[in-house]
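Notes for the structure review
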Amino acid sequence: MQQSGFRSAPVSKAFLFALVVSSLLASIIDVKHYFHIQIVPHLWVYGQLWRVLVWQTSYANAGELLFASLVIYHLRTIERLFGTRKFASFLVYSFVTTSIIAPLLLAFIFRPLTAWKMNYLPPGPTPVIFAVLAQYYASIPGIYKFKLLTSSSSVEGDADAPGVTLSDKSYVYFFSAQLALCQPPGSMLAAAVGWVIGYAWRMDLLPKSKWRLPSYLFQDSQAMEFEILRRRLRDQDEATTDGAQAATPAAPRPLVRQVLDQFRGAF
């Protein structure tokens, strides 16, 4: 059963709210220039290594924040699939690994390949979002498909008509593509790193990929999840029982009772 809102997804809700608040605060107090990374001069000249830990905590403009919020809302189903503890552990793991790997790739591989012209890594948790998107792509099946016709002369309903076939998941990919293309090539590098890390984590190709946050942090959340599951199973059992009773024909009444019922209203 599809659940609306952030029900059974507290970590996704906290992630979205924290991102919105941090981005708004960074804009209000005018500290947005502290969150992006430039290999030169931030890391190589000034030695500001603390930027590696904060560059994924805030977005610099409203467009990126909007697309990121839409994608995070759609990806809440991954938390329901994984469970709160596993999903939170995956977010922390992705945040740490992508925060380090993306600047290293930019500094030692992409800057030399581009003759030291590629130097900028935009702020925002785009790598973490794309790591979750990789799980969404691999785990969540499409519910329906539809075709956008590319010719005005095409007949509606014709399976062979020229067009582009999309699914209900295409909206999530569209918003994600907008997020990856907001500040290229740095945003594209961040998105690619997140996607690769997400798939590598899924295939157990990364060290400590089985790591989990301490269980005592999620005792209340786990109890709530079990209660929700128990209620859902109870409701399904009641619906099944009511349906079975409605489908079962009533036992025929004795002939004498039927005759008496016919004349009972006359006395």
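Basis of the calculations
- Sequence positions are assigned chain by chain, starting from 1 and proceeding in written order.
- In keeping with the predicted nature of the model, local features appear solely for residues at pLDDT of at least 70, side-chain atom pairs appear and are counted solely at 80 or more, and the whole-chain, interface and lining totals rest on all residues.
- Side-chain metrics in this entry use all non-hydrogen atoms of the structure; hydrogen atoms and water are not considered.
- UniProt positions are given in the numbering used here, feature names are shortened, and annotations may be inferred rather than shown by experiment.
- The secondary structure listing takes helices from DSSP runs of H or I that are at least 4 residues long and strands from runs of E that are at least 2 residues long, numbered from the N terminus.
- A helix's residues, less one, multiplied by 1.5 Å, set its expected span.
- Type-normalised accessible area, obtained with a 1.4 Å probe on protein chains alone, sets the label of each residue: buried when under 20%, exposed when over 50%, and partly exposed for intermediate values.
- Lining residues are those with an atom within 4 Å of a point, where the points come from a 1 Å grid over the protein atoms alone and group into cavities, where a 1.4 Å probe fits but cannot get out, or pockets, open sets with protein on both sides within 12 Å along at least five of seven lines.
- Grid points are joined across faces, edges and corners, and a volume is the space filled by probe spheres set on the points.
- Working definition: rings of Phe, Tyr and Trp (its six-membered ring) pair if their centres are within 6.5 Å, and the pair is stacked with planes under 30 degrees apart, edge-to-face with planes over 60 apart, and tilted otherwise.
- A residue counts as positive if it is Lys or Arg and as negative if it is Asp or Glu; His and the chain ends are not included.
- Only one rule defines a salt bridge in this text: a Lys or Arg side-chain nitrogen within 4 Å of an Asp or Glu carboxyl oxygen.
- Pairs of N or O atoms are called polar contacts if they sit within 3.5 Å, as long as, within protein, a hydrogen donor faces a hydrogen acceptor (for residues adjacent in sequence, only side-chain-to-side-chain pairs).
- Throughout, a contact is declared for two residues whenever any of their heavy atoms are within 4.5 Å.
- Note on method: axes are straight lines fitted to C-alpha atoms, helices fitted across the in-contact stretch only, with angles between N-to-C directions ranging 0 to 180 degrees.
- In what follows, roughly perpendicular refers to angles from 65 to 115 degrees, roughly parallel to angles under 35, roughly antiparallel to angles over 145, and oblique to any angle outside these ranges.
- In this scheme the handedness of a crossing depends on how the near helix is turned from the far one: anticlockwise by less than a right angle means left-handed, clockwise means right-handed.
- Residues are grouped as follows: Ala, Val, Leu, Ile, Met, Phe, Trp, Tyr, Cys and Pro are nonpolar; Asp, Glu, Lys and Arg are charged; all remaining types, including Gly, are polar.
- Buried residues of nine kinds, namely Ala, Val, Leu, Ile, Met, Phe, Trp, Tyr and Cys, make up a nonpolar core once their side-chain atoms join them within 4.5 Å.

As recorded in an unreviewed UniProt entry, the protein chain goes by Peptidase S54 rhomboid domain-containing protein and comes from Discina gigas. Recorded in UniProt under Subcellular location (unreviewed entry), the annotation for the protein chain is "Membrane".

In this section: helix α7 (residues 126–139). With 14 residues, α7 should reach 20 Å at 1.5 Å per residue; the first-to-last C-alpha distance of 20 Å fits that figure. Judged by how many residues are buried, α7 sits mostly within the fold: 11 of 14 residues are covered. Looking at α7, one finds that the buried residues are T126, P127, V128, I129, F130, A131, V132, L133, A134, Q135 and Y136.

Examined against the element boundaries, F6 turns out to sit in the segment before α1 (10–28). For the pair F6 and T77, spaced 71 residues apart in sequence, the C-alpha to C-alpha distance is 9.1 Å.

The subject of this paragraph is the layout of surface pockets. The computed volume of the second largest pocket comes to approximately 260 Å³. Lining the second largest pocket are 14 residues, and of these F15, A18, L91, F95 and V128 lie nearest its centre. When residues of the lining of the second largest pocket are traced back to their parent elements, those giving at least two are α1 and α6 (84–113). With 6 residues, the single largest contributor to the lining of the second largest pocket is α1.

What follows concerns the packing of aromatic side chains. We describe a pair of aromatic rings using the distance from one ring centre to the other and the angle between the two ring planes. Here the structure, examined in full by the defined rule, presents 12 aromatic pairs. Ring geometry for F90 versus W201: centroids 4.5 Å apart, planes at 50°, classification tilted. One end of the pair, F90, is in helix α6; the other, W201, is in helix α9 (residues 186–202), and 111 residues separate them in sequence. The two residues F90 and W201 agree in class, both being buried. Aromatic pair W195 and Y199: ring centres 5.9 Å apart, planes at 40°, arrangement tilted.

Once that is clear, we can look at the side chain of E79. Along the chain, E79 turns up in helix α5 (residues 76–82). Lacking a salt bridge, the buried E79 has R80 as its closest oppositely charged neighbour, with an N-O distance of 7.3 Å. Engagement of the side chain of E79 in a polar contact is seen with the backbone nitrogen of V11, the distance being 3.0 Å. In this view, E79 contacts S8, A9, P10, V11, S12, T84 and F87; residues no more than four positions away in its chain are not counted.

The next thing to look at is the pattern of salt bridges. Inspection of the entire model under this criterion finds 1 salt bridge. When the shortest N-O distance is used, the salt bridge between D204 and K210 registers 3.4 Å.

What follows deals with the packing of α6 against α9. Taken N-terminus to C-terminus, the directions of α6 and α9 make an angle of 130°; their axes are 9 Å apart at the nearest point. Accordingly, the angle class assigned to the pair α6 and α9 is oblique. Between α6 and α9 lies a crossing of right-handed hand. Side by side, α6 and α9 meet where K86, F90, Y93, T97, T98, I101, A102, L105, L106 and F110 of the first sit next to L189, V193, G194, I197, G198 and W201 of the second. Of the residues contributing to the contact of α6 with α9, the split by class is 11 nonpolar, 4 polar and 1 charged.

Attention now moves to the UniProt feature "transmembrane region" (unreviewed entry) in the protein chain. Per the UniProt record, "transmembrane region" (unreviewed entry) is annotated on residues 50–75, 87–110 and 171–201. With 65% helix and 0% strand, residues 50–75 has end C-alpha atoms that lie 29 Å from one another. Helix makes up 84% of residues 171–201 and strand 0%, with an end-to-end C-alpha separation of 25 Å.

Core analysis: the biggest nonpolar cluster contains 34 residues, and Y59, L75, F87, I129, V132 and L179 have the highest contact counts within it. Of all the secondary-structure elements, those providing two or more residues to this core are α1, α4 (62–74), α5, α6, α7, α8 (170–180) and α9. Element by element, the count of residues in this core is highest for α7, at 7 residues. Setting aside chain neighbours within four positions, we find F87 in contact with V11, S12, I78, E79, F82 and V132. By size, the runner-up hydrophobic cluster in this structure holds 14 residues, among which are I37, L43, A107 and L189.

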